[in-house]
Amino acid sequence: MTRLYSGIAILALVAACGDGNPFNTVEDGDDTTPGSAYLDDEGTFLTLNNIAYDPGSDTLTINNIPFDDPNNAYKRIQTETFANGFNAYESDPAPGTNEIQYFAVFRRSDSGQSQVAAAGTTAYVQFGYGGAGAQRLGANPTLPTTGIYSYNGEYAAVRTTLDAGPGGSNLAEFVTGDVTMRVDYGDFDDTGTVGGTVQNRRLYDTTGTQIGTLDGFISMQDSTIDFETQTIVAAQATEFVGGTATRSGNWEGVFAGPNGEEIAGVLFVEGDDVREVGGFVTTQ
């Protein structure tokens, strides 16, 4: 898997961020429960490691991303026009502070058994901090031991393109898409097999207004099931455009629902000056 990080260069903040070591701002609250999946093992700057949502205030809380908000709070982007159950959020930097702008997507499943979020920014020389997380909210499922099943659902992501805007500034956009997955609970022996595809991706600006579509699709390579934690082991994710692999990364997920009727997962792909970090919710 190709890494685009370049050591010291990626630590350079925009001028507004001022002095200080960004690594001193990491906050407590790492979600280590077995029924969750995060990308924080996949890259130094994919630091997101916990999410929470308050439906009363429609506030998303994202942990372990530096300089986003003193309370880690993200507000809903009211102009967003997604049509797949996801919503768009943003941090709200206070004037005259060292806070910077982050963008995020979030969805809680229709059953309330799982939720996912992903975040990214344009405020660094390269991709900067971000990440994605999936959480099982209900009891641990009892998974089948045999049988082949299909899962279908929705996807959303934050896509960062380097040096794409006026004057060479980075560009942030939202992506939505459709997800198809298949699970064979019996093979491989004792591990099961899970894989899928993200297709029909639609592109939005940071107000949440659709501005186009994306060619190609993202393939989630077949992986295996950890039956003790009812989670999916990390495997490769690859974006294909015109039959050519253009970007790569990893994906992983969790089962939710009494009998594993839902899969909530996260992925990222990067390459060619683009990083896409997303999450998905599917049902059987």
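Residues numbered from 1 in each chain as written. Predicted model: local features only at pLDDT ≥ 70, side-chain atom pairs only at ≥ 80, totals over all residues. Heavy atoms only, no water.

## So, the nonpolar core
In step 1: Counting residues in hydrophobic clusters, the biggest one holds 25 residues, and the most contacted among them are Tyr155, Met181, Val194, Trp251, Phe255 and Ile263.
In step 2: Of all the secondary structure elements, the ones that give two or more residues to this core are strand E9 (148-161), strand E10 (171-184), strand E11 (193-204), strand E13 (217-223), strand E15 (231-241), strand E16 (244-256) and strand E17 (262-271).
In step 3: Among the elements that take part in this core, E10 stands out by supplying four residues, more than any other.
In step 4: Ala88, Ala134, Phe174 and Val266 belong to the second-largest nonpolar core, a separate cluster that totals 24 residues. (Core = buried A, V, L, I, M, F, W, Y, C linked by side-chain atoms within 4.5 Å. Buried < 20%, exposed > 50% of the residue type's maximum accessible area, 1.4 Å probe, protein only. Helix = DSSP H or I, 4+ residues; strand = E, 2+ residues; numbered from the N terminus.)

## Here we look at the sheet that holds strand E2 (residues 50-54)
In step 1: Pairing is antiparallel across the open sheet formed by eight strands, whose spatial order is E1-E8-E7-E6-E5-E4-E3-E2. Every interior strand has two partners, whereas the edge strands, strand E1 (36-38) and E2, have only one. Neighbouring strand axes in the sheet, compared pairwise and without regard to direction, differ in orientation by 20° on average.
In step 2: Direction of pairing for strand E4 (residues 73-76) relative to strand E5 (residues 87-90): antiparallel, over a ladder of two bridges. Paired with Lys75 across the two strands is Glu90, which belongs to E5. (Pairing = 2+ DSSP bridges. Axes fitted to C-alpha atoms, helices over the stretch in contact; angles between N-to-C directions.)

## Thoughts on the environment of Thr224
In step 1: Looking at where Thr224 falls in the secondary structure, it is placed in the loop between E13 and strand E14 (225-226).
In step 2: A sequence separation of 39 residues divides Thr224 from Tyr185, and the C-alpha atoms of the two residues are 9.2 Å apart.
In step 3: Not counting residues up to four positions away in its chain, the partners in contact with Thr224 are Phe188, Thr191, Gly192, Thr231, Ile232 and Val233. (Contact = heavy atoms within 4.5 Å.)

## Looking at the pairing of E5
In step 1: Burial of E5 is two-sided: the residues Asn87 and Tyr89 facing one way and the residues Ala88 and Glu90 facing the other way are all buried.
In step 2: As defined by bridge partners, E5 adjoins strand E6 (residues 102-108) across four bridges and the pair is classed as antiparallel. The residue of E6 that forms the bridge with Glu90 is Phe103.

## Regarding the pattern of salt bridges
In step 1: Using the criterion set out here, one finds 12 salt bridges in the structure.
In step 2: Between Glu276 and Arg159 there is a salt bridge; the shortest N-O distance is 2.5 Å. One end of the pair, Glu276, is in strand E18 (residues 274-283); the other, Arg159, is in strand E9, with 117 residues separating them in the sequence. Considered together, Glu276 and Arg159 belong to a single accessibility category, that of buried residues.
In step 3: A single salt-bridge network, built from bridges that share partners, covers Arg159, Arg201, Glu239, Arg247, Asp272 and Glu276. (Salt bridge = Lys/Arg side-chain N within 4 Å of Asp/Glu carboxyl O.)

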